[in-house]
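# Remarks on the overall topology
Here are the chains, one letter per residue:
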Amino acid sequence: VSLALEDFLLLVPLIAERGFRPEEAASFADFGVKVPLEAGPGGGGGGPRLQAQALLQHLGTVAASSKIPAVRVVRPALGRALRLLVLGYARATVAALNGRLEMDDAVKDEDIPEGFEVVNKRPEPVYRVPEGFPIPESQRICAELLDHVLGRALGIHFLEPLVSTEGPRPRALVVGHPD
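Now for a quick tour of the structure.

A count of helical and extended segments in the protein gives five helices and four strands. Secondary structure elements in the protein, listed N-terminal to C-terminal, are α-β-β-α-α-α-β-α-β. A compact globule built from 179 residues should have a C-alpha radius of gyration of about 16 Å, whereas the protein, at 23 Å, is more than 25% larger. Split into buried and exposed, the 179 residues of the protein put 22% on the buried side. When the accessible surface of the protein is totalled, it reaches about 12600 Å², and 61% of it is carbon and sulfur. Once the 19 positive and 23 negative side-chain charges of the protein are each reduced to a mean point, those two points are 7 Å apart.

Take a look at the structure:
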């Protein structure tokens, strides 16, 4: 018997509702970051969403311990989906915390979720073609882009950094992951 994807997607919430209670859902976690249940996909701590989360976690456990090749196939997909979910939460949390810090809003320790920290960090240097350098804008953009690519790939720059007068500033980041 064949089941269309659309039909399967309609069945998932029904299976989750009948087979799992919202309390069975646990926080997703990866690389030291725990996604609070209320911050998961779809937001809110609604029962149906938590039941679907409990179903997915159960499927992940089954796939991890299964000896059946057809079931083991989903391991990489579930791992990647988990990583993307936690990474999305981490990026959004870091952006929100840094936004508050840039507006000089006081961020208390209790406002910082588990797995995150605020550290004093010197702003990254900005490599630009000097102002007033007599080249067209298109060449300026190309030079800055090439310098950026070389900096990221090889750690070298051919442009001079703009001098920053700023000292270290508070920045939010994931514990153990400075970038």
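Attention now goes to the environment of glycine 115. Its place among the elements puts glycine 115 in the loop between helix H4 (75–102) and strand S3 (116–121). For the pair glycine 115 and lysine 34, spaced 81 residues apart in the sequence, the C-alpha separation amounts to 6.9 Å. Not counting residues up to four positions away in its chain, the partners in contact with glycine 115 are Gly32, Val33, Leu173, Val174 and Val175.

Moving on, we get to H4. Between its terminal C-alpha atoms H4 stretches 40 Å, which fits the 40 Å expected from 28 residues at 1.5 Å a residue. Among all positions in H4, only Val86, Tyr89, Ala90, Thr93, Val94, Leu97, Asn98 and Leu101 are buried. Buried positions along H4 lie against strand S1 (28–30), strand S2 (33–35), S3 and strand S4 (169–174). Backbone geometry just downstream of H4 places aspartate 104 in the positive-phi region, at approximately 60°.

Turning our attention to the pattern of salt bridges. Applying the stated criterion to the full structure yields seven salt bridges. One salt bridge connects arginine 21 with glutamate 23, and the closest N-O pair in it is separated by 3.2 Å. Since its relative accessible area comes to 60%, glutamate 23 is described here as exposed. One network of salt bridges, in which partners are shared, links Arg21, Glu23 and Glu24.

In a regular helix each residue adds 1.5 Å, so 19 residues correspond to 27 Å; helix H2 (residues 47–65) covers 27 Å between its end C-alpha atoms and thus fits that length. Within H2, the full set of buried residues consists of Arg49, Leu50, Gln51, Gln53, Ala54, Leu55, Gln57 and Ala63. For H2, the elements touching its buried residues are helix H1 (5–19), S1, helix H3 (69–72) and H4.

Turning our attention to a nonpolar patch on the surface. Residues Leu3, Leu5, Phe8, Leu9, Leu11, Leu14 and Ile15 make up a contiguous nonpolar surface patch of about 660 Å² in total accessible area. By secondary structure assignment, the location of leucine 14 is in helix H1. Taking relative accessible area as the criterion, leucine 14 reaches 41% and is therefore assigned partly exposed.

Before going further, it helps to spend a moment on the side chain of arginine 140. As for its placement among the helices and strands, arginine 140 is situated in helix H5 (residues 137–154). Among all residues touching arginine 140, those that are not within four sequence positions of it are Val129, Pro130, Glu131, Gly132, Phe133 and Ile135.

This part takes up the nonpolar core. The biggest cluster of nonpolar side chains holds 14 residues, and the ones touching the most others in it are Val33, Val35, Val86, Tyr89, Val107, Phe116 and Val174. Of all the secondary-structure elements, those providing two or more residues to this core are S2, H4 and S4. The element contributing the most residues to this core is H4, with six residues. One finds Ala16, Ala25, Ala54 and Leu55 within the second-largest nonpolar core, a separate group that totals six residues.

Rules of the game
Residues numbered from 1 in each chain as written. Predicted model: local features only at pLDDT ≥ 70, side-chain atom pairs only at ≥ 80, totals over all residues. Heavy atoms only, no water. Helix = DSSP H or I, 4+ residues; strand = E, 2+ residues; numbered from the N terminus. Rg over C-alpha atoms; globule rule 2.2 N^0.38 Å. Buried < 20%, exposed > 50% of the residue type's maximum accessible area, 1.4 Å probe, protein only. Areas by Shrake-Rupley, 256 points an atom, 1.4 Å probe, with all protein chains shown as cover. Lys, Arg positive; Asp, Glu negative; His and termini not counted. Charge placed at Lys NZ, Arg CZ, Asp CG, Glu CD. Contact = heavy atoms within 4.5 Å. Expected span 1.5 Å × (residues − 1). Salt bridge = Lys/Arg side-chain N within 4 Å of Asp/Glu carboxyl O. Patch = residues over 30% accessible without salt bridge, like charges linked within 9 Å, V, L, I, M, F, W, Y side chains within 5 Å. Core = buried A, V, L, I, M, F, W, Y, C linked by side-chain atoms within 4.5 Å.

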